[in-house]
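For reference, the chains in residue letters:
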Amino acid sequence: MILTVLIFLPIFFLMVIAVLPKSQTSWFKYINLFVSAMQLGISFILYQNFDRSLSASTKEAGFQFIEKHSWIGLQLGSLGKLQIDYFLGIDGISIGLLMLSAFVMLIASLASWEIKTNEKGYYVLFLLLNTAIMGVFCALDFFLFYIFYELMLLPLYFLIGIWGGARREYAAIKFFLYTLFGSVFMLLVIIGLYFSVKDPLTGAHSFNMLYMMDTANYVKGSIFDISSGTALLFGIPARLLAFGVLFIAFAIKVPIVPLHTWLPDAHVEAPTPISIILAGVLLKVGGYGIFRVCLGIFPEGAIYFSWWLGLIGVVSIIYGAMNALAASDLKRLIAYSSVSHMGFVLLGIASTTVEGASGAMFQMISHGVLSSMLFFLVGVIYIRVHDREIANFRGLLLQMPVFSVFVFIAFFASLGLPGFSAFIAEAFSLIGAFSSASSNQLLPHWMAVVGAVGVLLGACYFLWTLQRMFFGAKHFRGGADWVKQLTDLNAREILALVPMAAFALLLGILPSLFFNLSNATLTDVVSHTLKTGSSQLQTLTNLLF
Amino acid sequence: MIETQHISTPLLAAIIALLLPLLAFLIIGLFGRRLKRQGDWVAVSFTFIAFLFSAFCFSQIWQQAPQYFQLPWLNTGIIKLAIGLRLDNLSALMIILVTFITSLVMVYSMEYMKGETNYPRYFAHLSLFLFSMLGLVLADSLLLIYIFWELVGFSSYLLIGFWYNRDSAARASKKAFIVNRIGDIAFFIGILILLTQFGTLDLTTLFGSGNIQGLVQQSKVLGDHWMVINSAGSIHALNKTYLTIAGLCIFAGAAAKSAQFPLHTWLPDAMEGPTSVSSLIHAATMVAAGVYLVARVFPLFDSEALSIISVVGAFTAFMAASIAITQNDIKRVLAYSTISQLGFMITAIGLGAWSAALFHLVTHAFFKCLLFLGAGSVIHQLHHLKHEHHLDFDHQDLRIMGGLRKKMPVTYIVLLLAACALSGIVFFSGFLSKDMILMSAWMRTQTEGSGVTFLIALALSLAAVFTPFYIFRLIFKVFWGDFRLQKIHPAHNLIVHESNNFMKVPMMLLAAFTIFIFYSFNPIHAAHGWILEGLQAPLSNFNKETVISGFVESAVPAITLLLSIAAIFSAKKAYADQKLRFLSEDNLLFQFSQRAWYFDAIYDRIIVEPTVLLSKLTGWFDKRIVDGFVNLWGNLTISFAAFVAWIDKRIVDGFVNFTGSFSTWLGSLFRRTQTGRLQQYMALGVLGLILIFVLTYILH
Amino acid sequence: MLNGIPLEHFLYISTALFCCGLFAVLTRRNAVMVLIGIELMINAAILNFVSFGAFDKIKNGGQMFAIFGIVLAAAGVAVALAIILNVYKHFKTIDPSAIDEMKG
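Cut-off values and rules
- Residues numbered from 1 in each chain as written.
- Chains lettered and ligands numbered in written order.
- Predicted model: local features only at pLDDT ≥ 70, side-chain atom pairs only at ≥ 80, totals over all residues.
- Heavy atoms only, no water.
- UniProt positions renumbered as here; feature names shortened; annotations may be inferred.
- Helix = DSSP H or I, 4+ residues; strand = E, 2+ residues; numbered from the N terminus.
- Contact = heavy atoms within 4.5 Å.
- Polar contact = N/O pair within 3.5 Å; in protein donor to acceptor, adjacent residues only side chain to side chain.
- Core = buried A, V, L, I, M, F, W, Y, C linked by side-chain atoms within 4.5 Å.
- Buried < 20%, exposed > 50% of the residue type's maximum accessible area, 1.4 Å probe, protein only.
- Expected span 1.5 Å × (residues − 1).
- Arc of directions from axis to C-beta.
- Phe/Tyr/Trp six-rings, centres within 6.5 Å; stacked < 30°, edge-to-face > 60°.
- Lys NZ or Arg CZ within 6 Å of the ring centre and 35° of its normal.

- Chain C is annotated in an unreviewed UniProt entry as NADH-quinone oxidoreductase subunit K of Solitalea koreensis.
- Reading the Sequence similarities (unreviewed entry) entry of the UniProt record for chain C gives the comment "Belongs to the complex I subunit 4L family."
- For the record of chain C, the UniProt heading Catalytic activity (unreviewed entry) holds the text "a quinone + NADH + 5 H(+)(in) = a quinol + NAD(+) + 4 H(+)(out)".

- Under an unreviewed UniProt entry, the name given to chain A is NADH dehydrogenase subunit M, and the source organism is Solitalea koreensis.
- Among the UniProt annotations of chain A, the heading Sequence similarities (unreviewed entry) holds the following wording: "Belongs to the complex I subunit 4 family."

Structure below.
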């Protein structure tokens, strides 16, 4: 019940906001804030009651707070029974992301103060987005998952397209099409899976993800059945193709180079709270999907493609960092740094080691907090002078000392200073990537080395920005006007920034708070991927070649 | 892995000594401006208390069994990481050294930094530095060392950029951090290799202690493989080059911190920070961390790594000394001198003269710190003059100084003592430590007889001769001759005062430590001094112990001493008496030295500029090619859609419309016949009838 | 052969009659005259019935049809005249070419 409350709490208040008259507009932001605060409270209850010892990532026994109700059951004649469940549950992979989402939504709610036009529409969409995000991380029925997954797009499209910057329509459409491109093909795979998998209890076809993870549930001779050697599509085994399709669908969200170009535009054009959500939560849906769906359902794909996954991760790290170095717009710089940082997630996943997987998960949490903080900070100057060009600012440290302290914290935390979360995350991703060569022979050593160079480049672009924008004598393009407008942080902004900085620091000093949460599940994910994956890959190879 | 015991008193003292500076940082950082005297007393007193605790630790640990303290921190997969402290001779020596010097520098800073707008921030950052540095030397695992390693770099960044509104300071701090980061990355890769190979990063497990072998010593190179039974009890093997690579990676990290070629260029620029900072961080402590690290992981270096280390060290020692000769900025002379001296220590490690390296680290920390503090004292007074008389001159330029001997006698004497120590004059600390290194180098040449070792020894000896020359050049230029600034500004009556007690007392205390007596009762040989007794090199499979004996033992110190004295006299002739000129300023060799061998220019050209260019290129690539491709797709789709729309409108819809319009046309044609005139209908009817008849007739 | 007069002659007369009627129908600008023309044409047809009926002496179908036609023509004339009267009342004319709409 608690997950349902968590997911649908925003819907309830969405309706409240929808029926409130225009004269009550000033209440909307407080209602929204209240919802997010409630959700954060609920997620803390989840954290408290979470059993850290459950490890099965592919069995229902490994999940907690399960809710399973029959939702849609249609007799379709010769096609059998259509069985869609309302199936929710969380494990070590989702709990952290759920907490992160609740946290980021709270920050985004605080950042929403800057929205001054058509607030009713904004908050209705915001709450809808909130529901979709929570739902994605809880859903265990693929159909339900897909509904929430697509439901995220709709409010985001409008939130960027209506409340965004100058090129908002372009950015919104680009974002929408990019993600839709991935998910449409995902739908094909979902349907294929549906016809391949049967519920062992009822014998009906099922969308249950956990059933899809067990090869025993596949119908003999169906397209995704591992033992049917005939299932080739375009000369590629259907299961590998399906892995690729799902991976691309999720990788667009992560994003990976070269499917990343929606991200800088969407981030630059989106209003601050939406940038925060995009970077803080939305990118993590991609990583989550790869963990849950790609590794869970098609582990042999993860083994087969691991070298390429690692390569994509490394390329993203370096390429994102280089682009960040070249960026002249502060928000664009941070957007590209996101690309670079999310590359570590991919590298960690590709390593198929517990360290790498933990590093990847931790990087998602850490990046969620830090990128939210960074975007919030950019929003602070943008809201004051409507400019973000790095070259137009100099000596901000003299002008806005408190703000600059937070920028310092966020920058150094992001560039991987020990004591902050990103260091642990990147270190573990690299440890995983490096040890992979000896433990499972999937990634070569040089990938970890090149990834480490990305950490160096991170220092370059962040420090260069500090030097250009914050140090030196005070000089702004807007002259005396800007000096007046660039006031230091107000209480609300400090209230939003302090928890983020504290969270990043806390996770950096006591990473076990999170590692304990996910360790059991991730160990199982990795061993499942390695064991099942290798044996299935062997089966495929034997059948085909 | 060492079992966690109950915390013994020395460990408790070490923990308190470690946490006090952190506490000071937090207190001053959060409430600095609200405290009395802006909180400097918090930093100073906490540091002094930390020094007392360290001293206690030292007295308990020196020459005793090492002590450990560990807490589990992070478990995932095969990795079990703990955080803990390790107290042994080396770390005990380091903490007492660091806290002692920091206390003195902090007292000095109370005067030196007086009136700064960010006075509390200075002390906060200095406390943060002390915390990181203590953490670094106390850490018991490589990961923890790495963590504090970066924190040390971070606090150094903050302090170099203390005057952040000066562009040069902002640039220098960035450069320092990034160059250090390059080393950090290499260090981290080294850690990755060790973690993969051994499954642990615990120092004791890896490197053993005393006569107990660690995993590193147990590992064997068999054929192409580097094998070990790792901490999990299973056999693990990597290609044998990884052994060399691991060692060199960690050395690269140390080279960045200790400003060794090719990562030395940040240290001269780091002189943009306050002189007290240069004195503490960039002369005495942080830069020595590299040597400390190399000493810690010493058993890891195989013979290839060791020879590379010694070559790099010797080259750096010689190069930096040759640069120091021509610098005009008082702090830059000292910066290059630091680089050169660190080169000596690194070479010593590479030659296996482990204890000599650390001994030199200790003696150098004192006299180099003192040199900087003395220079700071001069700079401080000239800075005052500048403000008092509203003049514009570079208060760090040697060319404007001179004749300060009588005006600042205390500063003069302490600097003279420090210079003697640095030059390796007999009865001073430097004589003991530097000559040990030189002796090892020549001894190695004698035993091995290879060209490389000869070159190393030669480079070191040359550097050792340059050293007295450049440092006494500085002394003579500052304290002898006439006060050149007065000559430039004859209209002003420029009076220089001696610095006050806040600055004098720390300098005098440090000056005491330039005397041999603190290290060894024998003024010409330290081998049986207490410090070397306590510093025993860890076991190593690759190190060949060099026993210094015979001719080298007596000849090297004697010859070096003679040459040094000769160098001092020629410096006096050239700079005090102005009777001797070596090279004119536009001589190529002079330029080469003054421009620091053009390293900055070369790096700019071959690393910085290409990187920026590459980033511009990827930026362009991303915008034009990748995004261009996406937009091209978009545009193509739109064009195709427009084409389809055209087809739809013209062809498909056109057909429909044609049908419609044809019917309309046909209808309008027939409508004309529908006049409503009865007779016309009739006539048409008849006509039709006739037509039918005719047709029927024709057809039949 | 009908009393020595060959059938063709009857048909010639009938044709002439029909043509006269047709001419009247197509050209007259008076509805009554048109009606007369129609009557002429009907009579031409009736003449044909009668002439051919001479060859059917047993059933006398032609004669029967002729009588039927005469009756119908009479009824038609009655109706037509009534219509013409009404048309006149409405349009104040009985020129068929002037009446080109059926709307009342």
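Picking up after the structure, the text goes on.
What to know about the environment of Arg492 of chain A
Residues and elements named next belong to chain A.
Part 1 of the reasoning: Following the sequence through the fold, Arg492 ends up in helix α20 (residues 491-509).
Part 2 of the reasoning: A sequence separation of 381 residues divides Arg492 from Ala111, and the C-alpha atoms of the two residues are 8.8 Å apart.
Part 3 of the reasoning: Not counting residues up to four positions away in its chain, the partners in contact with Arg492 are Leu110, Ala111, Trp113 and Phe376.
Part 4 of the reasoning: A polar contact of 2.5 Å, which involves the side chain of Arg492, links it to the backbone oxygen of Leu110.

Brief notes about the nonpolar core
In summary, soluble globular proteins display a tendency toward joint burial of nonpolar side chains.
Part 1 of the reasoning: The biggest cluster of nonpolar side chains holds 467 residues, and the ones touching the most others in it are Phe142 and Phe291 of chain A together with Ile101 and Leu142 of chain B.
Part 2 of the reasoning: The biggest single contributor to this core is helix α15 (residues 354-389) of chain B, with 20 residues.
Part 3 of the reasoning: Setting aside residues no more than four positions away along its own chain, Phe291 of chain A makes contact with Ile93, Gly296, Ile349, Ala357, Ala360, Met361, Met364, Leu522 and Val525 of chain A.

Here's the deal with α20 of chain A
Residues and elements named next belong to chain A.
Part 1 of the reasoning: For α20, built from 19 residues, the straight-helix expectation of 27 Å at 1.5 Å per residue is met to within 8% by its first-to-last C-alpha distance of 27 Å.
Part 2 of the reasoning: Of the positions making up α20, those classed as buried are Glu493, Ala496, Leu497, Met500, Ala501, Ala504, Leu507 and Gly508. Along the axis of α20, the buried positions cluster into a sector of 130°, meaning they face one direction only. Exposed residues lying more than 90 degrees from the buried face of α20 are Ala491 and Leu495.
Part 3 of the reasoning: With a side-chain oxygen positioned 3.2 Å from the backbone nitrogen of Arg492, the residue opening α20 is Asn490.

A short note on the environment of Leu460 of chain B
Residues and elements named next belong to chain B.
Part 1 of the reasoning: On the secondary structure map, Leu460 appears in helix α18 (residues 451-479).
Part 2 of the reasoning: Leu460 sits in the buried class, given a relative accessible area of 0%.
Part 3 of the reasoning: As a C-alpha pair, Leu460 and Ala317 span 143 residues in sequence and 6.5 Å in three-dimensional space.
Part 4 of the reasoning: What Leu460 contacts, discounting residues up to four positions off in sequence, is Ala314, Ala317, Phe344, Thr347, Ile437, Leu438 and Ala441.

Notes on the packing of aromatic side chains
Part 1 of the reasoning: Using the criterion set out here, one finds 82 aromatic pairs over all chains in the structure.
Part 2 of the reasoning: Summarising the aromatic geometry, the rings of Tyr194 of chain A and Phe207 of chain A are spaced 4.4 Å apart at their centres and angled 20° between planes, so their arrangement reads as stacked. Of this pair, Tyr194 of chain A sits in helix α6 (residues 168-196) while Phe207 of chain A sits in the loop between β3 (205-206) and α7 (209-212), placing them 13 residues apart in sequence.
Part 3 of the reasoning: Residue Tyr194 of chain A is classed as buried on the basis of its relative accessible area of 5%.
Part 4 of the reasoning: Judged by its relative accessible area of 6%, Phe207 of chain A is buried.
Part 5 of the reasoning: With a centroid separation of 6.0 Å and an interplanar angle of 50°, the aromatic rings of Phe427 of chain B and Phe516 of chain B are classed as tilted. Within this pair, whereas Phe427 of chain B is found in the loop between α16 (409-423) and α17 (429-448), its partner Phe516 of chain B is found in the loop between α20 (501-512) and α21 (530-534), the two being separated by 89 residues in sequence.
Part 6 of the reasoning: Among the aromatic residues, ring-to-ring pairing joins Phe261, Phe315, Phe318, Phe466, Phe592, Trp597, Tyr598, Phe599 and Tyr603 of chain B into one connected group.
Part 7 of the reasoning: Stacked on the ring of Tyr47 of chain A, the Lys or Arg Arg52 of chain A has its end atom at 4.8 Å from the ring centre.
Part 8 of the reasoning: It is Arg239 of chain A that lies over the ring of Tyr218 of chain A; its NZ or CZ is 5.3 Å from the centre.

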